[in-house]
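Inside the fold
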Amino acid sequence: MSRKISTKPPSGMRDFLPADIARREFVIAKVTEVYSRYGFVPLETPTIENLSTLLGKYGEEGDQLLYRLLHRRDSLARALAADDVSEATLADQGLRYDLTVPLARVTAQYSTLPKFFKRYQIQPVWRADRPGKGRFREFYQCDVDITGTTSLLAEAEVCGAVAEVLQSLGFDNFTIRLNHRALLRAMIRAAGIDVAQEGTALVAVDKLDKIGLEGVVKELEQRGIEAEQAGSLLGLMCCEDLLDPKSELHKLLAKIGCRNLMQWTVSGISAVSDFSEEELETRRNEMLLAYLARLLPQGDEAGQAAVKELTEVIGLLAHTPAGAHVSFSPHLARGLSYYTGAIFEIAVPDFGGSLGGGGRYDNLVGMFGKKDIPAVGFSLGLERILVVMEDRKMFPDLKVGPEVLVCWKGVSQQDVLKVTHALRRSGLRVEAYPEKTRKLGAQLKYADGLGVAFAAIIGPEEVEQGSVTLKHLTSGTQERVALGDAVDEAIARLSS
RNA sequence: GCGAAUAUAGCUCAGUAGGUUAGAGCGCUCGGUUGUGGUCCGAGAGGUCAUGGGUUCGAAUCCCAUUAUUCGCCCCA
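Residues numbered from 1 in each chain as written. Chains lettered and ligands numbered in written order. Predicted model: local features only at pLDDT ≥ 70, side-chain atom pairs only at ≥ 80, totals over all residues. Heavy atoms only, no water.

Next up on the list: unusual backbone geometry. Although it is not a glycine, R73 sits at a positive phi angle of roughly 50°. Within the secondary structure, R73 sits in helix α4 (residues 73-81). For R73, a relative accessible area of 75% corresponds to the exposed category. Of note, K393 is a non-glycine position whose phi angle comes to about 50°, a positive value. Note that K393 resides in the loop between α18 (382-391) and β12 (404-408). (Helix = DSSP H or I, 4+ residues; strand = E, 2+ residues; numbered from the N terminus. Buried < 20%, exposed > 50% of the residue type's maximum accessible area, 1.4 Å probe, protein only.)

Right under this line is the structure:
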């Protein structure tokens, strides 16, 4: 025996055994079916991209999580011999980090693509991240994107497609959270926070669900943002809570001494008054947007435009499968830096982390130095979906492997193959026991372990009369039938 | 990147006042005579106790380092 070598796959990466593949393919089949019905076409791009393609698209954090590939052969020797040897000089390529940037590259590269390129792409991506539950270093994303238009109909289409995928998989209580990059920026401005602090502020707010209001204020203070500004930001981002004078948020702002609190409360009352009581239930999103429009300075055109855009998107989404699931979430902030407009994220109850996310990115294609092409897309995380579906036992009984094992004794291997093929011609999934055994029992035991429904037993007598003995393993009953149509009938009879 | 815990058979785990030959369950192999599995009974194989060093007459057990895994923090699908 040679030295022991670890047989585990690398950390954060997995082997997909046959049963895993069955579940993955089940989900992928639904995804492709829905996406193609929405008019999306498939695309695949290389595992490896040049670092120049990848770097600078995902923000600083993202750049650090890239898997980088060393130069090869002579150029590696040259890189090592150079004066300044670092991660940056030793690598020139990397594994793709997502599917959006490769799409942007492809869109910039091929002028022959349709003006409105609707593509879906289901491939693995790699991130040199710390693995955890539902979090891997190699994982599949299922992306849909539409390039070439700023029309909000595109937003509605990608959200509708994603919602329909989730519905067809059996999810009913998911939420598509919706926000807007420009709105986030407007809220930060309105709170009196320096735009340079935007990134750090959003990171802190993103933790709201985890650490609570007080926690966010503390976190923001640690990052050099004063309590009052922090409070104002929270007031804007959680304005729904402002409508309730008894909410935690109200107490917090009062404690901090937020100057706007009184005026904001009044705006809230007036925003609510435009809607009937019934409408407040059904049109919560529109009401919140109307409220936010009052909270932001009227002169902030970018902010007001963002509110208007979101209102339109929500109006359009009402006519798609996403309509009932969309929820305007002003504190939603997504990490990737390339988003420019609407941003989305999918949440399901009792699962930390999202099933997917997306948004509009109008400047990404232009970063390749060609003309700007606007785009919007949505990405589903396949493993997240699988984790949740497994937890909730949402999979049907997926058949995998053969349904018949040919067991034999006292006959030639030629006879075994003859019968095996005859059974396969009936459309059955058939495996033949490959080795000669002394005991038939060993073969039946193997059949049991395989999980096949039937054993097809042949011996000299069966070969003689061109028949086969079919044994139904769960019931133990068996019949000897002639090869051919009689097999189908016997299988149906024994299965029932 | 920081903190904590864990590492014994293919799998799940027992096993400390340091003491012969390291155990169990499951799984695996063989047997309980002819062409019938699951249950039952019997037998067997399988471990340099993560790796390297130290303390000791003696280490799976105590100490140190390394590696890997898991869980928090950070960030994300």
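Let us now look at a positive patch on the surface. There is a patch of like positive charges on the surface, built from K409, K436, R438 and K439. Mapped onto the secondary structure, R438 falls in the loop between β13 (430-432) and α20 (440-450). Relative accessible area serves as the criterion here: at 72%, R438 is assigned to the exposed category. (Patch = residues over 30% accessible without salt bridge, like charges linked within 9 Å, V, L, I, M, F, W, Y side chains within 5 Å. Areas by Shrake-Rupley, 256 points an atom, 1.4 Å probe, with all protein chains shown as cover. Salt bridge = Lys/Arg side-chain N within 4 Å of Asp/Glu carboxyl O. Lys, Arg positive; Asp, Glu negative; His and termini not counted. Charge placed at Lys NZ, Arg CZ, Asp CG, Glu CD.)

On to the packing of aromatic side chains. Scanning the model with the defined rule gives 10 aromatic pairs in all. Measuring from centroid to centroid gives 5.4 Å for Y433 and Y446, while their planes differ by 85°, and the two rings are edge-to-face. Here Y446 lies in helix α20 and Y433 lies in the loop between β13 and α20, a separation of 13 residues in the sequence. For Y433, a relative accessible area of 13% puts it in the buried group. Among the aromatic residues, those joined into a ring-pair cluster are Y58, Y97, Y338, Y339 and Y361. (Phe/Tyr/Trp six-rings, centres within 6.5 Å; stacked < 30°, edge-to-face > 60°.)

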